[in-house]
Amino acid sequence: MSENENKICAVCKNEAHEYREAIDGIVCADCDKLQKDFIETLKSNIPPIPYMAPKLIEPFPLSKLRNVHPPYIAQPKIGRNASCPCNSGKKYKNCCYSNT
């Protein structure tokens, strides 16, 4: 634009004697102040974000363990060539192995 042309505000559409150039066109000083005041009002009225504490992990409730059976522990196997558990002094294969 040449210096002789009138500058028109992009917001209020009036002739702007004092202005600044914005991305969307020329903005007069009055509209510029209104926009800045509006933004400051919005910033001051935004409530702070509340702090949300993380949920604590609860330990496993013992009430769920009431119906649990104790683990099965297998008896150790007796080898065929081991001494017999009946204390006869014989090998297991020649004594009580045939009874099982």
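1. Some words on the packing of aromatic side chains
Inference 1: Enumeration according to the criterion identifies one aromatic pair in this entry.
Inference 2: Between tyrosine 92 and tyrosine 97, the ring centres sit 5.8 Å apart and the planes meet at 70 degrees, which makes this aromatic pair edge-to-face.
Inference 3: With a relative accessible area of 10%, tyrosine 92 lands in the buried category.
Inference 4: A residue is classified by how much of its surface remains accessible, and tyrosine 97, at 38% relative accessible area, is partly exposed.

2. Overview of unusual backbone geometry
Inference 1: The residue asparagine 87 is not glycine, and still its phi comes out positive at about 60 degrees.
Inference 2: Here asparagine 87 shows up in the segment after helix H1 (29–45).

3. Observations concerning the state of the cysteines
Here a disulfide denotes a covalent bond joining the sulfur atom of one cysteine to the sulfur atom of another.
Inference 1: On inspection of all chains with the given rule, the structure shows zero disulfides.
Inference 2: For cysteine 84, which is in no disulfide, the shortest distance to another cysteine sulfur is to cysteine 86 and amounts to 3.4 Å.
Inference 3: For cysteine 84, a relative accessible area of 4% gives the class buried.
Inference 4: Sulfur of cysteine 96: no disulfide; nearest cysteine sulfur belongs to cysteine 84 and is 3.4 Å away.
Inference 5: A relative accessible area of 23% means that cysteine 96 is categorised as partly exposed.

4. A word on the confidence of the model for the protein chain
Any residue range with low pLDDT should be treated as having predicted coordinates unsuitable for detailed reading.
Inference 1: Within the protein chain, residue pLDDT values average 75, and 77% of them lie at 70 or more.
Inference 2: Here strand E1 (residues 19–22) stands out as the least confident element of the protein chain, with mean pLDDT 69; H1 is the most confident, with 79.

5. Overview of the environment of lysine 93
Inference 1: Structurally, lysine 93 is set in the segment after H1.
Inference 2: Residue classification places lysine 93 among the partly exposed residues on the basis of a relative accessible area of 33%.
Inference 3: Sequence-wise, lysine 93 and glycine 79 are 14 residues apart; in three dimensions their C-alpha atoms are separated by 8.4 Å.

6. Considerations on a nonpolar patch on the surface
Inference 1: A cluster of nonpolar side chains, Phe38, Ile39 and Leu42, forms an exposed patch at the surface whose accessible area comes to about 300 Å².
Inference 2: By the element assignment, leucine 42 lies in helix H1.

7. So, the environment of cysteine 12
Inference 1: Counting through the fold element by element, cysteine 12 comes out in the segment before E1.
Inference 2: By relative accessible area, cysteine 12 is classed as partly exposed at 30%.
Inference 3: The spacing of cysteine 12 and cysteine 28 is 16 residues in sequence and 8.2 Å in space, taken between C-alpha atoms.
Inference 4: Excluding its chain neighbours within four sequence positions, the residues that come into contact with cysteine 12 are Cys28 and Cys31.

Conventions we followed
Residues numbered from 1 in each chain as written. Predicted model: local features only at pLDDT ≥ 70, side-chain atom pairs only at ≥ 80, totals over all residues. Heavy atoms only, no water. Phe/Tyr/Trp six-rings, centres within 6.5 Å; stacked < 30°, edge-to-face > 60°. Buried < 20%, exposed > 50% of the residue type's maximum accessible area, 1.4 Å probe, protein only. Helix = DSSP H or I, 4+ residues; strand = E, 2+ residues; numbered from the N terminus. Disulfide = S-S within 2.5 Å. pLDDT = per-residue confidence, 0-100. Patch = residues over 30% accessible without salt bridge, like charges linked within 9 Å, V, L, I, M, F, W, Y side chains within 5 Å. Areas by Shrake-Rupley, 256 points an atom, 1.4 Å probe, with all protein chains shown as cover. Salt bridge = Lys/Arg side-chain N within 4 Å of Asp/Glu carboxyl O. Contact = heavy atoms within 4.5 Å.

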